[in-house]
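Descriptive structure summary
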Amino acid sequence: TIRLLGSSIAGTYTIAYRIILAIALPIITLIQAIQPRLISAIQSGNRLAIRQLIKILLLAIAAYMPIAILLTLAARHYLVTFLGQSFIETTQILLLLIPLLPLFSLRLLAGTLLSSLNKPAIRAVFELCALGVLLLACSQYIPSQGIRGTAISVLIAELFLLLCLSISAIYILKSVNG
């Protein structure tokens, strides 16, 4: 990214990306807190508990997304208010990265589910594939879109990873639980 955009523009993107990740922290924390229970339910074959835990996490993600979007919009406003007009471009990237909030949260849930199912290798393979998708998308979109291309590329890679991990986790869960 730095080679294609330059360090100043890459820094602008990095600030926006880190704000999005900070806003996602409650979901990250919740998923990590529930993972030991999920592992226990999987190991004991308790299908009801597995379903309930997944539903709780999906509901939490769905309930938190409007709050996360409002926090992102507030961060956008306060960046310019407190740090000045030089952060206008960061605020534009924040808007582009709003879809990353649900994509990242759901992807983290699917990845955690795969790890809990004792399939970290599958997760790792798809994460490497997503890196390839990211690099390919960056080479395609950054030259034509600039900093917007970086955000678009991350969203494409995140969606790819979410789909791969989710499909794998669902398939493995069905095969394990009949």
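Attention in this report is confined to the structure presented alongside it. As the structure is a computational prediction, the values presented were derived from the model and not from experiment. (Residues numbered from 1 in each chain as written. Predicted model: local features only at pLDDT ≥ 70, side-chain atom pairs only at ≥ 80, totals over all residues. Heavy atoms only, no water.)

A few words on the overall build of the protein chain. Of regular secondary structure, the protein chain possesses 8 helices and 0 strands. Written out in order from the N terminus, the α and β elements of the protein chain read α-α-α-α-α-α-α-α. Taken along its principal axes, the extent of the C-alpha atoms in the protein chain is 55 × 35 × 20 Å. By residue count, 40% of the 178 residues in the protein chain fall in the buried class. Contacts in the protein chain between residues at least 24 apart in sequence constitute 74% of all its contacts with a sequence separation of at least 6. Only carbon and sulfur atoms are counted for the fraction: they give 67% of the accessible area of the protein chain, which is about 9,700 Å². (Helix = DSSP H or I, 4+ residues; strand = E, 2+ residues; numbered from the N terminus. Buried < 20%, exposed > 50% of the residue type's maximum accessible area, 1.4 Å probe, protein only. Contact = heavy atoms within 4.5 Å. Areas by Shrake-Rupley, 256 points an atom, 1.4 Å probe, with all protein chains shown as cover.)

In this section: a nonpolar patch on the surface. A contiguous nonpolar patch, built from Ile-69, Leu-70, Leu-73 and Leu-95 and spanning about 330 Å² of accessible area, is present on the exposed surface. At 3 residues, helix H4 (residues 47-83) tops the list of elements feeding residues into the nonpolar patch. Relative to the elements of secondary structure, Leu-70 occurs in helix H4. Judged by relative accessible area, Leu-70 falls into the exposed class, the value being 57%. (Patch = residues over 30% accessible without salt bridge, like charges linked within 9 Å, V, L, I, M, F, W, Y side chains within 5 Å. Salt bridge = Lys/Arg side-chain N within 4 Å of Asp/Glu carboxyl O.)

Considering the arrangement of structural elements, one finds Thr-112 in helix H6 (residues 100-116). Take Thr-112: its relative accessible area is 7%, and that puts it in the buried class. In this structure Thr-112 touches Ile-31, Gln-35 and Arg-123, once residues within four positions along its chain are discounted.

For the rest of this paragraph, the subject is the packing of helix H3 (residues 25-44) against H6. Relative to each other, H3 and H6 sit at 25°, their axes nearing to 9 Å. On the basis of their axis angle, the class for H3 and H6 is roughly parallel. Relative to H6, H3 is oriented so that their crossing is right-handed. Mapping the contact onto sequence places Ile-27, Ile-28, Ile-31, Gln-35, Leu-38, Ile-39 and Ile-42 in H3 and Phe-104, Ser-105, Leu-108, Leu-109, Thr-112, Leu-113, Ser-115 and Ser-116 in H6. A class-by-class count of the residues in the contact of H3 with H6 yields 10 nonpolar, 5 polar and no charged. (Axes fitted to C-alpha atoms, helices over the stretch in contact; angles between N-to-C directions. Parallel < 35°, antiparallel > 145°, perpendicular 65-115°, else oblique. Left-handed = near helix turned anticlockwise from the far one by under 90°. Nonpolar A, V, L, I, M, F, W, Y, C, P; charged D, E, K, R; others polar.)

When glycine is set aside, most residues are seen to have a negative phi, and most peptide bonds are trans. One non-glycine residue, Asn-118, adopts positive backbone phi at about 65°. Secondary-structure assignment places Asn-118 in the loop between H6 and helix H7 (120-145). By relative accessible area, which is 63% here, Asn-118 ends up exposed.

What follows covers the nonpolar core. Soluble globular proteins: nonpolar side chains tend toward being buried together. Counting 47 residues, the largest nonpolar core has Tyr-13, Ile-50, Leu-97, Leu-100, Leu-101 and Leu-113 as the members making the most contacts within it. The set of elements that each furnish at least two residues to this core consists of helix H2 (7-23), H3, H4, helix H5 (88-97), H6 and helix H8 (147-177). Ignoring anything within four residues of it in the chain, the contact list for Tyr-13 reads Ile-93, Leu-97, Ile-147, Thr-150, Ala-151 and Val-154. (Core = buried A, V, L, I, M, F, W, Y, C linked by side-chain atoms within 4.5 Å.)

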